[in-house]
Amino acid sequence: MPELPEVETVTQSVKKHLINNRFTSLKVNWGKTLHNFTVADFNSRIKNKLIRDVYRRGKYILIDLNKSLLAVHLRMTGKLYASNAIDKSKKHISLYLKLNDKYLIFEDTRKFGRFYMFDNMDYLNEKLGVEPLLDDFSTDWILYNMKKKNRQIKPLLLDQSFICGIGNIYADEALWHAKIHPLSISSRISRKKLLKLREGIIKVLQESIKKGGTTIRDYTYDFVYVGNYSLNLNVFGKQGESCSRCQSSIVKTNVAQRGTHYCPKCQKK
DNA sequence: CCATGAACCTGGTCGC
DNA sequence: TGCGACCAGGTTCATG
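What you see is a predicted model, and the numbers here were worked out from it, not measured in a lab.

**Points about the protein's contact with DNA strand B**
Okay, step 1: What surrounds DNA strand B is a group of 13 residues, the closest being Lys32, His92, Arg110, Asn150 and Gln257.
Okay, step 2: Between DNA strand B and lysine 32 there is a distance of 2.3 Å, counted from a phosphate oxygen to a side-chain nitrogen or oxygen.
Okay, step 3: Contact between DNA strand B and lysine 91: a phosphate oxygen at 3.1 Å from a side-chain N or O atom of the residue.
Okay, step 4: A class-by-class count of the residues in the surface near DNA strand B yields two nonpolar, five polar and six charged.

So this is what it looks like as structure tokens:
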């Protein structure tokens, strides 16, 4: 499900339920969900502590409990939402946390999603690259850093230690915007196209956040947001359809094991 | 440094 | 209707 705009949307939607509240218990149904801590750690460090803030970094949702951070990564199918009750008919609730008057539920069909506990942001800041919607992601930054790498642009855009938050949908959309072929080598892309790429990344992410993200597969969305950005997609999932710029047929291939959509006419190597 | 393939999981869809 | 193959918005690890 989630790339930066979807994670941002989920973060904002759970924030109002969590802030100034306290977790009173943790129930784990799928053990691997707790990546680097145990229920005992939860009890000693998070339980009954005041939640000060909830925010996003890359594709992580961060819950700030003053002396500890609880981090959530949704991976492919994770859904995080607040609810007044646990729906026993849901088959894939990996874990849930109890608040005073409601629950924070983590539902995850494919079980790839993870919860982490950190002392502070050092580890994630070390691991993650530039935030594409902050000023750090400047024109100078992209011109300088793309030149330093000799990598296929699509996998480079997906590398969270380079730029964080971009995933498969927005990588394809941003490359289409900039008319760059997904296999172009980063160091050989023209200055003009790199600037266009930066603009495209910011544009697709911001516009998607405005629409609440992109929803492609939505089995049950009882408590979960449904994003409307799918209406704005130009190449992702559009194989066989005509390019909105040049009318050529959009092609789907595989790059770095990921489905990759592009216009063979607009996006030359 | 960089690319590739497999692994982690479940379920939906497509072709026969 | 049934069944196998393939696909999925992500990340990590091992191997050339």
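Back to the write-up after that little detour.
**Some remarks on the sheet that holds strand S2 (residues 53-57)**
Okay, step 1: The strand order across the open sheet formed by four strands is S2-S3-S4-S8, and the pairing between neighbours is antiparallel. The sheet is open, and its two borders are formed by S2 and strand S8 (114-118), each paired with just one other strand. On average, each strand axis in the sheet is tilted by 25° relative to the strand beside it, whichever way the strands run.
Okay, step 2: Bridge count for S2 against strand S3 (residues 60-64) is five bridges, and the pairing is antiparallel. Bridge pairing in S3 links aspartate 53 to aspartate 64.
Okay, step 3: The sheet contacts of helix H1 (residues 4-18) involve S2 and S3, and relative to S2 the element is tilted by about 175°.

**Looking at helix H4 (residues 139-148)**
The α-helix winds at 3.6 residues per turn, so residues separated by three or four positions along the chain end up facing the same way.
Okay, step 1: Burial in H4 covers these residues: Trp141, Ile142, Leu143, Asn145 and Met146.
Okay, step 2: Residues of H4 that are buried in the fold lie against helix H5 (153-158) and helix H7 (191-210).

**Re the environment of tyrosine 229**
Okay, step 1: With respect to the secondary-structure elements, tyrosine 229 resides in the loop between H7 and strand S9 (251-255).
Okay, step 2: Residue classification places tyrosine 229 among the buried residues on the basis of a relative accessible area of 3%.
Okay, step 3: Between the C-alpha atom of tyrosine 229 and that of glutamine 257, which follows or precedes it by 28 residues, the distance is 24 Å.
Okay, step 4: Among residues more than four places away in sequence, those in contact with tyrosine 229 are Tyr170, Val204, Glu207, Ser208, Lys211, Gly213 and Thr214.

**Description of the packing of aromatic side chains**
Okay, step 1: Under the defined criterion, the tally for this structure stands at seven aromatic pairs.
Okay, step 2: With 5.1 Å between their ring centres and 50° between their planes, tryptophan 141 and phenylalanine 162 make a pair best called tilted. Of this pair, tryptophan 141 sits in helix H4 while phenylalanine 162 sits in the loop between H5 and helix H6 (168-178), and the two are 21 residues apart along the sequence. There is no split in this pair, since tryptophan 141 and phenylalanine 162 are both buried.
Okay, step 3: In this structure an aromatic cluster arises from ring pairing among Tyr60, Tyr116, Phe118 and Tyr123.

**Structural notes on the side chain of lysine 102**
Okay, step 1: Summarising the element assignment, lysine 102 is placed in the loop between strand S6 (93-99) and strand S7 (103-108).
Okay, step 2: Nearest to the buried, unbridged lysine 102 among oppositely charged side chains is aspartate 101, at 4.4 Å.
Okay, step 3: Side-chain polar atoms of lysine 102 contact the side chain of histidine 17, separated by 3.1 Å.
Okay, step 4: Ignoring any residue separated from it by four or fewer positions in sequence, one finds lysine 102 in contact with His17, Ala82, Ser83, Asn84 and Leu97.

**Some thoughts on the sheet that holds S6**
Okay, step 1: The strand order across the open sheet formed by four strands is S1-S6-S7-S5, and the pairing between neighbours is antiparallel. A single partner strand is all that each edge strand has here, and the edge strands are strand S1 (23-28) and strand S5 (78-83). Between one strand axis and the next, the sheet turns by 15° as a mean value, whatever way the strands run.
Okay, step 2: Pairing between S1 and S6: five bridges, direction antiparallel. Across the sheet, residue serine 25 finds its bridge partner in S6, namely lysine 98.
Okay, step 3: In the packing of H1 onto the sheet, the strands contacted are S1, S5, S6 and S7, and the crossing angle to S5 comes to about 30°.

**Details of the confidence of the model for chain A**
Caution applies to low-pLDDT parts of the model: their predicted coordinates are not meant to be read in detail.
Okay, step 1: Per-residue confidence for chain A gives a mean pLDDT of 94; residues scoring 70 or more make up 96%.
Okay, step 2: Taken as a whole, residues 219-223 scores under 50 in pLDDT and shows ten contacts with residues more than four places along the chain or in a different chain.

**Regarding the layout of surface pockets**
Okay, step 1: Its boundaries defined by the atoms lining it, the second largest pocket holds a volume of some 180 Å³.
Okay, step 2: Lining the second largest pocket are His35, Lys59, Tyr60, His73, Arg75, Tyr116, Phe118, Tyr123, Lys127, Leu128 and Gln160.
Okay, step 3: Contributing elements (two or more residues each) for the lining of the second largest pocket: S8 and helix H3 (122-127).
Okay, step 4: The residue makeup of the lining of the second largest pocket, split by class, is five nonpolar, three polar and three charged.

Criteria and thresholds
Residues numbered from 1 in each chain as written. Chains lettered and ligands numbered in written order. Predicted model: local features only at pLDDT ≥ 70, side-chain atom pairs only at ≥ 80, totals over all residues. Heavy atoms only, no water. Near = heavy atom within 4 Å. Polar contact = N/O pair within 3.5 Å; in protein donor to acceptor, adjacent residues only side chain to side chain. Nonpolar A, V, L, I, M, F, W, Y, C, P; charged D, E, K, R; others polar. Pairing = 2+ DSSP bridges. Helix = DSSP H or I, 4+ residues; strand = E, 2+ residues; numbered from the N terminus. Axes fitted to C-alpha atoms, helices over the stretch in contact; angles between N-to-C directions. Contact = heavy atoms within 4.5 Å. Buried < 20%, exposed > 50% of the residue type's maximum accessible area, 1.4 Å probe, protein only. Phe/Tyr/Trp six-rings, centres within 6.5 Å; stacked < 30°, edge-to-face > 60°. Lys, Arg positive; Asp, Glu negative; His and termini not counted. Salt bridge = Lys/Arg side-chain N within 4 Å of Asp/Glu carboxyl O. pLDDT = per-residue confidence, 0-100. 1 Å grid on protein atoms, 1.4 Å probe; cavity = no way out; pocket = protein on both sides within 12 Å on 5 of 7 lines; lining within 4 Å. Points joined across faces, edges and corners; volume = space filled by probe spheres on them.

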